[in-house]
Amino acid sequence: MTAQTYHNQQIEDDKLRLFIALAEQMKTPLIKASRTAELARMMQDNTRLNEIEYIADMGLDLIDSYILSLKLQAAGEDIQLQSVSLSATLNDVAHSLQKLQSAQSFDIELHIAGKYGPIMAHPAGLHAALMNIGTVLMAANAEREITKRPVLKLAARKTPRGIAAGIFSSIDGLDAATFAKSRKLYGTAAQPLSQLTSENGTGIFIADSLLQTMSSSLRVSHYKKLSGLAATFMPSQQLTLV
């Protein structure tokens, strides 16, 4: 087997594992929606319809992110990266997360360390990746019994390798070793991130797939004593008119 053949086979294997992980993940919202609908019918509680709508929207967003990751992988070197404002994207993601039903008990904060120019990324892919990270971290927080109101921080800062962006929270169970192990387990284990969440966290692996098409990848990072996931991007070299 040549190196190129092995590489192509690895890509196909990763696609299959991600599809299996997505299928496994989709069981959860479908079961929740079914049970909630049953309770709403029994109790004649129309307010539960909002919960069903939320569950359905989250499932559809996850599928859309997966489809986008496949399209970007198929584009390969032809992917159209653009000059993107990271601070504006993080701001949009923060507002989108705040609108989610599960975010009602969260403080969502935006932290932009300093001023810097745009990065090279795929706008829709970057937004989808950050949204997936945020929703998984919120779900993980929701499973825990905590006394303080949880916080989700979206942050960006300069590093020697480029401009880093990530989402962080006061949550245990997320470290480099755990994340490295989960990358090998997703698609084969029901709970590859069992130390973080009881769900299978497919959104994290879809986010990683999206970021890899932009020559980046997810890593465990820390920000002001919070743990989270971040990626580093190259600054845009395009000239901008002011």
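Further up the page is the structure itself.
Conventions and cut-offs
Residues numbered from 1 in each chain as written. Predicted model: local features only at pLDDT ≥ 70, side-chain atom pairs only at ≥ 80, totals over all residues. Heavy atoms only, no water. Helix = DSSP H or I, 4+ residues; strand = E, 2+ residues; numbered from the N terminus. Expected span 1.5 Å × (residues − 1). Buried < 20%, exposed > 50% of the residue type's maximum accessible area, 1.4 Å probe, protein only. Core = buried A, V, L, I, M, F, W, Y, C linked by side-chain atoms within 4.5 Å. Pairing = 2+ DSSP bridges. Axes fitted to C-alpha atoms, helices over the stretch in contact; angles between N-to-C directions. Salt bridge = Lys/Arg side-chain N within 4 Å of Asp/Glu carboxyl O.

Description of helix 4 (residues 123–142)
Every α-helical turn comprises 3.6 residues, leaving residues that sit three or four positions apart pointing alike.
So, step 1. The terminal C-alpha atoms of helix 4 lie 29 Å apart, and with 20 residues this matches the ideal 28 Å at 1.5 Å per residue to within 8%.
So, step 2. Buried residues dominate helix 4, accounting for 15 of its 20 residues.

Topic: the nonpolar core
So, step 1. Formed by 59 residues in total, the largest nonpolar core has its most connected members in Leu-97, Leu-126 and Ile-204.
So, step 2. Element by element, the count of residues in this core is highest for helix 4, at 10 residues.
So, step 3. Membership of the second largest hydrophobic core comes to 6 residues, among which are Ala-155, Phe-168, Leu-226 and Ala-230.

Comments concerning the sheet that holds strand 7 (residues 226–233)
So, step 1. Ordered in space as 2-4-5-7-6, the 5 strands form an open sheet in which the pairing is mixed. Edge positions in the open sheet fall to strand 2 (107–112) and strand 6 (219–223), since each of these has one partner strand only. Strand-to-strand, the axes of this sheet are offset by a mean angle of 30°, without reference to chain direction.
So, step 2. In the sheet, strand 6 pairs with strand 7 via 5 bridges, with the strands oriented antiparallel.

Brief notes about the pairing of strand 7
In summary, the side chains of a regular strand alternate between the two faces of the sheet.
So, step 1. In terms of residue burial, strand 7 counts as a mostly covered element, since 8 of its 8 residues are buried.
So, step 2. Covered by surrounding structure in strand 7 are Leu-226, Gly-228, Ala-230 and Thr-232 together with Ser-227, Leu-229, Ala-231 and Phe-233, the residues of both alternating faces.
So, step 3. In this sheet, strand 7 lies alongside strand 5 (residues 162–169) in antiparallel orientation, the contact comprising 7 bridges. Paired with Ser-169 across the strands is Ser-227, a residue of strand 7.

What to know about the pattern of salt bridges
So, step 1. According to the stated counting rule, one finds 3 salt bridges in the structure shown.
So, step 2. Across the pair Arg-149 and Asp-107 runs a salt bridge, and its minimum N-O distance is 2.8 Å. Of this pair, Arg-149 sits in the loop between helix 4 and strand 4 (151–159) while Asp-107 sits in strand 2; the two residues are 42 residues apart in sequence, bridging distant segments of the chain.
So, step 3. Between Lys-153 and Glu-109 there is a salt bridge whose closest N-O contact spans 3.9 Å. With Lys-153 in strand 4 and Glu-109 in strand 2, this residue pair connects regions lying 44 residues apart in the sequence.

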